[in-house]
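One-letter residues, chain by chain:
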Amino acid sequence: MHASLYRAIESVFRKEARISLRSRSSWLVVLMFALTTLSCVSLLMQGDILAPRLAASMLWIILFFSLLAGAGRGFADEEQAGTLMALQVYGSSQAVLFGKGLFMAVLLFVLSLLIVPMYLVLMDIAVASWPAFLLTLLGGTYGMAMAGTLLSALMFGAKVQSGLLSILMLPVLLPILLPAIVLTASCFAGEAVHGSYLVGIALYDAIMTLAASLLFDFLWYED
Amino acid sequence: MVSLTFSDVTKRFAGRTVIEHLSAELAGGTVTAVTGENGSGKSTLLKMAAKLLLPDEGKIVARDGGQELSKAAYRARIGLVTPEFHAYPKLTARENLDFFLGFRRAAPLSPVQYEQLLARVGLASDQVAGKFVEHFSTGMRKRLHLAILLASEADIWLLDEPGANLDDAGRSMVRREARRAADAGKLVLLATNDREEEAVADACISLSGH
């Protein structure tokens, strides 16, 4: 990657981090959503053990809704603050895409690192293969974040209501959610981890990165 | 030197023609004022020049040394100050400048350059230190937008009512900077209804609206 583009991406990433830390409310909502879901389910289970596939599904559903709460804000906050024009004029679309996308990925990954230990303790789950589990989390959150950023930009470009984001997000994210759930379930159940699913996640991430990079200019600029 | 050519440009909104068959040649080293009453299309013209809007007919071409600039190359040379342009409210002046310079891939400012830049736009560093932009007055924000423009090293300046919300000293600073930019070879397109701002221009596009 060209050094100056890297600097532009880093600037967007740092700006996102600063503003996000200073406007805590949106991420507190995401964290509280995750905590509420966890507490409710663990209290209702009353010591029962969830089947690995069900436990894995629930973990990824929590992450999916966390993404929905966060991704929708990505460009809406810029529009609300009146800073979109500044972003469109003063820098490259690729820096916006990757700066925002990578920030969302890091945020989701950090969020999952906060949620997962609580989840494992409250649900009484043991992870058999930590490397595979962490790789799944990393690949899954990255792919979800890139897809979320692209779709959020699409909503902004099409000037449609953010409610459509959740509708579009499901079919776009299913190809990564399914292998991520299967892999997580294998890690929870202590079964052999199928490498092909990890390859599938890596392929999704690569395709989503490339597609987002190619499509973003059309969404970001009118010409 | 950079130049901007408007060829037979027409722009309509909801069936209403705002700009009709406008042709103009703008050269680097000049200030061109865009005048006209409210709703005559001054801001629309600047947005088209910034590639934020597309003309319905005609085209706008930027050249440097006779060579047509690519969209990316052109965008990298634009600086914009309009009433719709906003710096980040949850960042300080320094953080905003650092962000825009990094985003623009321009050289970062040293502490001395930062102080000089603030002084140039009439902001005192102790007045803005540690203060988020959301706590700035309207005039201070406008001065910060001008500082971002100056620091961005843009050589195509698109200014929409740049003196609005500024005091006399601020308006005088805007006129001085626009003139200085043109004298340094930059292309300045200045939408205004202020007679004093108009007076610094070398040429004028008068829009009548429709």
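Because the structure is a prediction, the values reported are computed rather than measured.

### Re the packing of helix 6 (residues 138-151) of chain B against helix 7 (residues 168-183) of chain B
Think of two packed helices as two axes; the pair is described by the angle between the axes and how far apart they sit.
Residue and element names in this part refer to chain B.
Here's step 1: With their axes 12 Å apart at the nearest point, helix 6 and helix 7 run at an angle of 15 degrees to one another. What the angle tells us is that helix 6 and helix 7 run roughly parallel. For the crossing formed where helix 6 meets helix 7, the hand is left-handed. Only A169, G170, M173, V174 and E177 of helix 7 make contact with helix 6, whose side of the interface consists of R143, L146 and L150.

### Focus: the confidence of the model for chain A
Here's step 1: Summary statistics for chain A give a mean pLDDT of 86 and a share of 93% for residues scoring 70 or more.
Here's step 2: Averaged over each element, pLDDT in chain A is lowest for helix 2 (residues 24-45) of chain A (79) and highest for helix 9 (residues 195-220) of chain A (92).

### Topic: the sheet that holds strand 6 (residues 78-81) of chain B
All names here are of chain B.
Here's step 1: With parallel pairing, the five strands of this open sheet are ordered in space as 6-7-8-3-9. The sheet is open, and its two edges are formed by strand 6 and strand 9 (203-206), each paired on a single side. Across this sheet, the average inter-strand angle for adjacent strands is 15 degrees, counted without regard to direction.
Here's step 2: Where strand 7 (residues 156-160) lies against strand 8 (residues 187-191), five bridges are found, and the strand directions are parallel. Following the sheet pairing, D160 is matched in strand 8 by A191.
Here's step 3: Contacts between helix 1 (residues 42-49) and the sheet are confined to strand 3 (31-35), strand 6, strand 7, strand 8 and strand 9, with strand 7 contributing the most and set at about 155 degrees to the helix.
Here's step 4: Helix 7 contacts strand 3, strand 7 and strand 8 of the sheet and is inclined by roughly 160 degrees relative to strand 7.

### Let's talk about the UniProt feature "domain: ABC transporter" (unreviewed entry) in chain B
Here's step 1: Mapped onto this numbering, the UniProt entry gives "domain: ABC transporter" (unreviewed entry) at residues 4-208 of chain B.
Here's step 2: Along residues 4-208 of chain B, the helical share is 36% and the strand share 27%, with 21 Å between the first and last C-alpha atoms.

### Some words on the sheet that holds strand 1 (residues 2-13) of chain B
Residue and element names in this part refer to chain B.
Here's step 1: Spatial ordering of the open sheet is given by 2-1-4-5, a layout of four strands whose pairing is antiparallel. Of all the strands in the sheet, just strand 2 (16-27) and strand 5 (67-68) have a single pairing partner and so form its edges.
Here's step 2: Where strand 1 meets strand 2, eight bridges bridge the pair, whose relative direction is antiparallel. By the bridge assignment for strand 2, R12 is matched with T17.
Here's step 3: With respect to the sheet, helix 1 is in contact with strand 1, strand 2 and strand 4 (57-64), its orientation differing from that of strand 1 by roughly 125 degrees.

### Here we look at the interface of chain B and chain A
Here's step 1: On the chain A side, the residues contacting the 35 residues of chain B number 28 residues.
Here's step 2: Approximately 2,900 Å² of surface area, both sides summed, lies buried where chain B meets chain A, with 64% of it carried by carbon and sulfur atoms.
Here's step 3: Among the residues chain B hides against chain A, the three largest losses belong to Y88, F103 and R105 of chain B. Together they make up 27% of the total.
Here's step 4: Connecting chain B to chain A are two salt bridges.
Here's step 5: R22 of chain A is paired through a salt bridge with E95 of chain B; the nearest N and O atoms lie 2.7 Å apart.
Here's step 6: For the interface between chain B and chain A, the tally reads eight residue pairs in polar contact (both at pLDDT 80 or more).
Here's step 7: Elements represented by at least two residues in the side of chain B that touches chain A include exactly helix 2 (71-75), strand 6, helix 3 (93-104) and helix 6 of chain B.
Here's step 8: By residue class, the composition of the side of chain B that touches chain A is 20 nonpolar, six polar and nine charged.

Criteria and cut-off values
- Residues numbered from 1 in each chain as written.
- Chains lettered and ligands numbered in written order.
- Predicted model: local features only at pLDDT ≥ 70, side-chain atom pairs only at ≥ 80, totals over all residues.
- Heavy atoms only, no water.
- Axes fitted to C-alpha atoms, helices over the stretch in contact; angles between N-to-C directions.
- Helix = DSSP H or I, 4+ residues; strand = E, 2+ residues; numbered from the N terminus.
- Parallel < 35°, antiparallel > 145°, perpendicular 65-115°, else oblique.
- Left-handed = near helix turned anticlockwise from the far one by under 90°.
- Contact = heavy atoms within 4.5 Å.
- pLDDT = per-residue confidence, 0-100.
- Pairing = 2+ DSSP bridges.
- UniProt positions renumbered as here; feature names shortened; annotations may be inferred.
- Buried area = accessible area lost by both parts, 1.4 Å probe.
- Salt bridge = Lys/Arg side-chain N within 4 Å of Asp/Glu carboxyl O.
- Polar contact = N/O pair within 3.5 Å; in protein donor to acceptor, adjacent residues only side chain to side chain.
- Nonpolar A, V, L, I, M, F, W, Y, C, P; charged D, E, K, R; others polar.

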